[in-house]
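Spelled out from the first residue to the last, the chains are:
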Amino acid sequence: MSDLAATANSQAPTASRKAGGIVLAGLGLLLLITGPWFFYPGFLMKAMCFALFASAYNLIFGFGGLLSFGHAAFFGGGAYVAGHAAKVWGFPPEFMLLTGAVVGMLLGALFGVFAIRRQGIYLAMVTLAFAQMVYFLALRAPFTGGEDGLQGIPRGHLFGLIDLNDMDTMYYFLATVFVLVVMLIVRIVNSPFGQALKAVRDNELRAASLGYDVNMVKLQAFVLSAMLSGLA
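Summarised in this report is the structure supplied together with it.

1. A few points about the side chain of Ser-225
And then number 1: Relative to the helices and strands, Ser-225 is located in helix H9 (residues 214–231).
And then number 2: Here Ser-225 falls in the buried class, since its relative accessible area comes to 0%.
And then number 3: Within polar-contact distance, the side chain of Ser-225 engages the backbone oxygen of Ala-56 at 2.5 Å.
And then number 4: Aside from chain neighbours lying at most four places away, what touches Ser-225 is Ala-56, Tyr-57, Leu-59, Ile-60 and His-71.

Next comes the structure, spelled out in structure tokens:
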């Protein structure tokens, strides 16, 4: 009887945490749905973009322990190339989002190959150096518009049917993307890969002794985070 009572007591906090998580998720969805009724949709869309960027960064810093000072390069690089693709090449919104994610992923792979071999402040300085290169490239490259930036980027029609020039339509499209990506990040964190990433964060030597390729785990997390930052 005492064993059963102990098991029940140990399961109670877990069940309460799950219930609390469900309640918070429901409240979050309710706020997303009703947000444009109380606040300016443009402000909320910017907030969701930055929240998505912060969630992508938390994937490597919060769960991987990798301090990067260069994640703005993935965010800005994806934005510039996606905006140029929409304005000059006529990419529809779905391909524009894919372009931003792919650019972030490629930059993340380039940064990560060099950065993950360092730790702590040295890793942060390597990422910062690469980010400064991207910054100066954005100022000098002709397609970025320099300090004036890109102007007149079209929103287009999603799948050729849904007009994103309507503010409410654009808001709910972005809210849908935001929810899907947050769900993806939660799934990654709770997957076997996410557990391996947390093991590497807590103790690299012990994770390596258990058979994990520490550098590969860190590189994969870095590229995933960069890809989602480019999407943001």
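The rest of the description comes next.
2. Comments concerning the packing of helix H4 (residues 93–115) against helix H5 (residues 120–140)
When two helices pack together, their arrangement is given by the angle between the helix axes and the distance between those axes.
And then number 1: As a packed pair, H4 and H5 sit with axes 9 Å apart at the nearest point and diverge in direction by 145°. Considering only the axes of H4 and H5, their crossing is right-handed. Between H4, through Phe-111, Phe-114 and Ala-115, and H5, the contact on the second element is made entirely by Leu-123, Val-126, Thr-127, Phe-130, Ala-131 and Val-134.
And then number 2: Of the residues assigned to the contact of H4 with H5, the class counts are eight nonpolar, one polar and no charged.

3. A short note on the packing of aromatic side chains
Ring pairs (aromatic) are described by centroid distance and by the angle formed between their planes.
And then number 1: If you walk through the whole model with that rule in mind, you get 10 aromatic pairs.
And then number 2: Where Phe-53 meets Phe-75, the ring centres are 4.9 Å apart and the plane angle is 55°; that geometry is what we call tilted. One end of the pair, Phe-53, is in helix H2 (residues 41–61); the other, Phe-75, is in helix H3 (residues 71–87), with 22 residues separating them in the sequence.
And then number 3: The buried category is assigned to Phe-53, whose relative accessible area is 18%.
And then number 4: Site record: aromatic cluster; members linked through ring pairs are Phe-74, Phe-111, Phe-114, Phe-130 and Phe-222.

4. Some points on the pattern of salt bridges
And then number 1: Within this structure, the stated rule accounts for one salt bridge.
And then number 2: Salt-bridge contacts for Asp-202 lead to Arg-201; the nearest nitrogen and oxygen are separated by 3.1 Å.

5. Concerning H5
And then number 1: With 21 residues, H5 extends 31 Å between its outermost C-alpha atoms, agreeing within 8% with the 30 Å of an ideal straight helix rising 1.5 Å per residue.
And then number 2: Considered for burial, the residues of H5 that qualify are Leu-123, Ala-124, Thr-127, Phe-130, Ala-131, Val-134 and Ala-138. Down the axis of H5, the sector holding all buried residues measures 135°, keeping them to one side. The exposed set on the far side of H5, more than 90 degrees from its buried face, consists of Tyr-122, Met-133 and Arg-140.
And then number 3: Of the surrounding secondary structure, the elements contacted by the buried residues of H5 are H3, H4 and H9.

What counts, and at which threshold
Residues numbered from 1 in each chain as written. Predicted model: local features only at pLDDT ≥ 70, side-chain atom pairs only at ≥ 80, totals over all residues. Heavy atoms only, no water. Helix = DSSP H or I, 4+ residues; strand = E, 2+ residues; numbered from the N terminus. Buried < 20%, exposed > 50% of the residue type's maximum accessible area, 1.4 Å probe, protein only. Polar contact = N/O pair within 3.5 Å; in protein donor to acceptor, adjacent residues only side chain to side chain. Contact = heavy atoms within 4.5 Å. Axes fitted to C-alpha atoms, helices over the stretch in contact; angles between N-to-C directions. Left-handed = near helix turned anticlockwise from the far one by under 90°. Nonpolar A, V, L, I, M, F, W, Y, C, P; charged D, E, K, R; others polar. Phe/Tyr/Trp six-rings, centres within 6.5 Å; stacked < 30°, edge-to-face > 60°. Salt bridge = Lys/Arg side-chain N within 4 Å of Asp/Glu carboxyl O. Expected span 1.5 Å × (residues − 1). Arc of directions from axis to C-beta.

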